[in-house]
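# Coordinate analysis (summary)
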Amino acid sequence: EGERGAERFVRGEFADGTMEHFEGERGAERCVRMELADGLVQYYEGEQGAERMVRMELADGSVQSFEGERGAERMVRVESANGNVHYYEGEQG
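Residues numbered from 1 in each chain as written. Predicted model: local features only at pLDDT ≥ 70, side-chain atom pairs only at ≥ 80, totals over all residues. Heavy atoms only, no water.

This brings us to the sheet that holds strand S1 (residues 11-13). The sheet built from eight strands is open, its strands ordered S1-S2-S3-S4-S5-S6-S7-S8 with antiparallel pairing. This sheet does not close on itself; its edge strands, each paired only once, are S1 and strand S8 (85-87). Shown here is a sheet whose adjacent strand axes are inclined to one another by a mean of 20°, direction ignored. Bridge count between strand S4 (residues 41-45) and strand S5 (residues 52-57): five bridges; the pairing is antiparallel. Bridge pairing links Tyr44 to Met53 in S5. (Pairing = 2+ DSSP bridges. Helix = DSSP H or I, 4+ residues; strand = E, 2+ residues; numbered from the N terminus. Axes fitted to C-alpha atoms, helices over the stretch in contact; angles between N-to-C directions.)

Right, dumping it as structure tokens:
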């Protein structure tokens, strides 16, 4: 996407059904969403190379929220499809 010479990467589609979505200027594209074939959707924030997962939507309708730096994300909240909400504290592990 973009004018000639300024094209930027916006989406990757893989044979296993995974699709990755990117935002940002050319050379600084960052992954913002990954959709897996099984219905799982992961959302990311952060600059290129430092993207961290902040949210995961499961196929059953539940949503998990995460905090922390890349590689050290920890689950802090789970909202089940039935409306139950659970909160978590502590480090990843």
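Turning to the pairing of strand S6 (residues 63-67), a few remarks are in order. S6 sits mainly inside the fold: four of its five residues count as buried. Two strands pair when backbone bridges link them, and S5 and S6 are joined in this way by three bridges, in the antiparallel orientation. Paired with Met56 across the bridge in S6 is Gln64. Here S5 hands over to S6 after five residues, with Gly61 in that stretch at a positive phi of 100°. Of the pairings in the sheet, the one linking S6 to strand S7 (residues 74-79) comprises five bridges and is antiparallel in character. Within the sheet, the bridge partner assigned to Ser65 lies in S7 and is Arg77. Two successive antiparallel strands, S6 and S7, enclose a turn made up of six residues, where Gly68 displays a positive phi of approximately 115°. (Buried < 20%, exposed > 50% of the residue type's maximum accessible area, 1.4 Å probe, protein only.)

This part takes up the nonpolar core. Nonpolar side chains tend to gather and get buried jointly when the protein is soluble and globular. The biggest cluster of nonpolar side chains holds eight residues, and these are Phe22, Cys31, Met34, Leu40, Tyr44, Met53, Met56 and Phe66. Mapped by element, the contributors of at least two residues to this core are strand S3 (30-35) and S5. Ignoring any residue separated from it by four or fewer positions in sequence, one finds Met53 in contact with Gln42, Tyr43, Tyr44, Phe66 and Glu73. (Core = buried A, V, L, I, M, F, W, Y, C linked by side-chain atoms within 4.5 Å. Contact = heavy atoms within 4.5 Å.)

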